[in-house]
Amino acid sequence: MAKSPLEGMADVTPSYDPMVKRVMVTGGAGFLGSHLCDRLIEAGNEVLCVDNYFTGRRSNVAHLLDHANFELMRHDVTFPLYVEVDEIYNLACPASPVHYQHDPVQTTKTSVHGAINMLGLAKRINAKIFQASTSEVYGDPSVDPQTEEYWGNVNPIGIRSCYDEGKRCAETLFFDYHRQHDLRIKVGRIFNTYGPGMHPKDGRVVSNFIVQALKGDPITIFGNGEQTRSFCYVDDLIAAVMAMMATEDDVTGPINLGNPGEFSMLELAETVLELTGSSSRLVFQPLPHDDPKQRCPDISKAKKYLGWAPKVPLREGLGKTITYFDALLSGRED
Ligand code: NAD
Ligand code: UDP
């Protein structure tokens, strides 16, 4: 019998397994991105986490570094990227006003050039692509609750515009790639999301209030505190994002992803004080320019197309987030 030409050679089985989905997460070392990487690995995917560490940290994904299906790459999405994957979650972009206003030109570049680069990549490799859009596309809304049909009320030249208009332009690019190149897109408009894993200096309201309460520092209320937000717990949000990626190709969005429970900043502060048992006092500081007065998602589309609704009420989610920050701060992270 003829000898196989491979006999005696090392194992040359290709490492590529067509049964395992290859998924890229840009902004994967950030707050939401690191939770998403966890869930994707748990679900048996191969995950490529891409981040420039502007607001994210290697430590957010350190526990995944030894996992055979996980790879971490330092890369700025404003530059082209050449990789082979089946699905892309585009989350790269600072999300806290303090951070996205730090270098507003880079923020716009990240949303716009980042979207162009990731869409170009998706087109070349025929990947499905999810965009982490935002409730900020509604600006300071005159419609309550906000439905996806509402076009928004956004200042194009204010201090929040680098983020709001960057994300709006990214949505435009996603829909043009879909219409022009038949690309499979999923645009999720994420409302304020919080939970364990946030950086203590993230600057957003939930982490600020909890850290201040735990340290006994004054709670900084901007304006009179009557402005409202709707807060979604991170586990609920990640479930929605993954459910959206799994929808049929004709489901493009935009779809609001958030928890419709609406609270004023004063109510949030009082709840945090109660749950932490803190005696921090409230201090009132000027309201930042263009700070939206109100935000509340209409989630009928998420219910209909994703079969999804948030499960974790604010008090329960705050409790888990307080436990996380308490442990972090007692390790003296400040
Ligand atoms: P985050 O700041 O914790 O994460 C953003 C990540 O993107 C960080 O790891 C950061 O280093 C990375 N990044 C920034 N610029 C980059 C670049 N040019 N190239 C590569 N990586 C870059 O914020 P998050 O809360 O995890 O938000 C993630 C995404 O979800 C963002 O796109 C944000 O706009 C969107 N979003 C979040 C919320 C929320 O409440 N958390 C609400 C609406 C939308
Ligand atoms: N805010 C506050 N104190 C803080 C941080 C934020 O009162 O220490 C307010 C802020 O003015 C806004 C709301 O909380 O009205 C939510 O702010 P955040 O930065 O979390 O996100 P935004 O929804 O404004 O992007």
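Going by the structure above, here's the rest.
Residues numbered from 1 in each chain as written. Chains lettered and ligands numbered in written order. Predicted model: local features only at pLDDT ≥ 70, side-chain atom pairs only at ≥ 80, totals over all residues. Heavy atoms only, no water.

J.: Give me a negative patch on the surface: which residues, what numbers.
T.: Side chains of Asp 144, Glu 262, Glu 267 and Glu 270 sit close together on the surface and give a patch of like negative charge. Within the element layout of this structure, Glu 262 appears in strand S12 (residues 262–264). (Patch = residues over 30% accessible without salt bridge, like charges linked within 9 Å, V, L, I, M, F, W, Y side chains within 5 Å. Areas by Shrake-Rupley, 256 points an atom, 1.4 Å probe, with all protein chains shown as cover. Salt bridge = Lys/Arg side-chain N within 4 Å of Asp/Glu carboxyl O. Lys, Arg positive; Asp, Glu negative; His and termini not counted. Charge placed at Lys NZ, Arg CZ, Asp CG, Glu CD. Helix = DSSP H or I, 4+ residues; strand = E, 2+ residues; numbered from the N terminus.)

J.: Before we move on, could you go through the side chain of Lys 167 and cite the residues and values that matter?
T.: Its location among the elements puts Lys 167 in helix H4 (residues 161–181). With near-sequence residues (within four places) excluded, Lys 167 lies in contact with Cys 93, Ser 111, Gln 131, Ala 132, Ser 133, Thr 134 and Val 137. (Contact = heavy atoms within 4.5 Å.)

J.: How would you explain the packing of aromatic side chains if you had to name every residue and give the values?
T.: Remark: the centre distance and the inter-plane angle together describe each pair of aromatic rings, the angle taken between the planes. By the definition in use, this model includes seven aromatic pairs. Residues Tyr 89 and Phe 130 carry aromatic rings whose centres are separated by 5.9 Å and whose planes lie at 50 degrees to one another, so their mutual orientation is tilted. In this pair, Tyr 89 is assigned in strand S4 (residues 87–90) and Phe 130 in strand S5 (residues 128–134), connecting sequence segments 41 residues apart. Overall, the relative accessible area of 2% leaves Tyr 89 in the buried class. Pairwise contacts between aromatic rings join Tyr 138, Tyr 150 and Phe 191 into one cluster. (Phe/Tyr/Trp six-rings, centres within 6.5 Å; stacked < 30°, edge-to-face > 60°. Buried < 20%, exposed > 50% of the residue type's maximum accessible area, 1.4 Å probe, protein only.)

J.: Describe the packing of helix H7 (residues 265–276) against helix H9 (residues 314–330), with residues and values.
T.: The geometry of a pair of packed helices is captured by two quantities: the angle between their axes and the separation between those axes. Two elements in contact, H7 and H9, have axes separated by 10 Å at closest approach and are oriented at 55 degrees. Classified by the interaxial angle, the pair formed by H7 and H9 is oblique. In this structure, H7 crosses over H9, and the sense of that crossing is right-handed. Seen from H7, the contacting residues are Leu 268, Thr 271, Val 272, Glu 274, Leu 275 and Thr 276; seen from H9, they are Leu 314, Arg 315, Leu 318, Gly 319 and Ile 322. Per-class residue counts for the contact of H7 with H9 are six nonpolar, three polar and two charged. (Axes fitted to C-alpha atoms, helices over the stretch in contact; angles between N-to-C directions. Parallel < 35°, antiparallel > 145°, perpendicular 65-115°, else oblique. Left-handed = near helix turned anticlockwise from the far one by under 90°. Nonpolar A, V, L, I, M, F, W, Y, C, P; charged D, E, K, R; others polar.)

J.: Can you break down the environment of Gly 319 residue by residue, with the values?
T.: The residue Gly 319 is located in helix H9 in this model. A sequence separation of 123 residues divides Gly 319 from Pro 196, and the C-alpha atoms of the two residues are 10.0 Å apart.

J.: So what about the pattern of salt bridges? Which residues, and what values?
T.: Per the counting criterion, the structure on display carries 16 salt bridges. The residue Glu 87 makes a salt bridge to Lys 21 at a minimum N-O spacing of 3.4 Å. On the criterion of sequence distance, the pair formed by Glu 87 in strand S4 and Lys 21 in the segment before strand S1 (22–26) is long-range, its members being 66 residues apart. Since its relative accessible area comes to 8%, Glu 87 is described here as buried. Via salt bridges that share partners, Lys 21, Glu 87 and Lys 128 belong to a single interconnected network.

J.: An account of unusual backbone geometry is needed here, citing residue identities and associated values.
T.: That bond from Asp 144 to Pro 145 is cis: its omega, -5 degrees, falls within 30 degrees of zero. Mapping Pro 145 onto the fold places it in the loop between S5 and H4. Residue Tyr 53 is not a glycine yet carries a positive backbone phi of 60 degrees. With respect to the element layout, Tyr 53 can be found in the loop between strand S2 (46–51) and strand S3 (70–74). Overall, the relative accessible area of 17% leaves Tyr 53 in the buried class.

J.: Describe the site of ligand 1, naming the residues involved and giving the relevant values.
T.: In the region of ligand 1, 31 residues are neighbours, and Leu 32, Asp 51, Thr 55, Tyr 163 and Thr 193 sit closest. With respect to ligand 1, the side chain of Asp 51 contributes an N or O atom lying 2.5 Å from an oxygen atom. At 2.6 Å, a side-chain N or O of Thr 55 approaches an oxygen atom of ligand 1. Relative to its unbound accessible area of 820 Å², ligand 1 is 97% covered by the protein chains. Counting residues per element, the ones that place at least two in the shell around ligand 1 are helix H1 (31–42), helix H3 (104–125), S5 and H4. Take the shell around ligand 1: its biggest share by element is three residues, from S5. (Near = heavy atom within 4 Å. Polar contact = N/O pair within 3.5 Å; in protein donor to acceptor, adjacent residues only side chain to side chain.)

J.: Which residues make up the site of ligand 2, and what are the values?
T.: Around ligand 2, the structure places 17 residues, and the nearest of them are Val 205, Asn 208, Thr 220, Arg 229 and Asp 291. Note that an oxygen atom of ligand 2 is positioned 2.9 Å from one of the backbone N or O atoms of Phe 222. Between an oxygen atom of ligand 2 and a side-chain N or O atom of Gln 227, the distance comes to 3.0 Å. Coverage of ligand 2 by the protein chains reaches 96% of its 510 Å² of free accessible surface. For the shell around ligand 2, the secondary structure elements donating two or more residues are helix H5 (205–215) and strand S8 (219–222).

J.: Any details on the packing of H5 against H9? Residues and values, ideally.
T.: Relative to each other, H5 and H9 sit at 55 degrees, their axes nearing to 10 Å. Considering the angle they form, H5 stands oblique to H9. Crossing of H5 over H9 shows right-handed handedness. When H5 is examined against H9, the residues Val 206, Ser 207, Ile 210, Val 211, Leu 214 and Lys 215 are found in contact with a partner set consisting of Leu 318, Thr 321, Ile 322, Phe 325, Asp 326 and Leu 329. Here the contact of H5 with H9 is composed, by residue class, of eight nonpolar, two polar and two charged.

J.: Outline the environment of Gly 139, supporting the account with residue identities and numerical values.
T.: Its place among the elements puts Gly 139 in the loop between S5 and H4. According to the relative accessible area criterion, Gly 139 is buried, its value standing at 5%. Between the C-alpha atom of Gly 139 and that of Asp 176, which follows or precedes it by 37 residues, the distance is 22 Å. Setting aside anything within four residues of it in sequence, one finds Gly 139 in contact with Asn 153, Val 154, Pro 292 and Arg 295.

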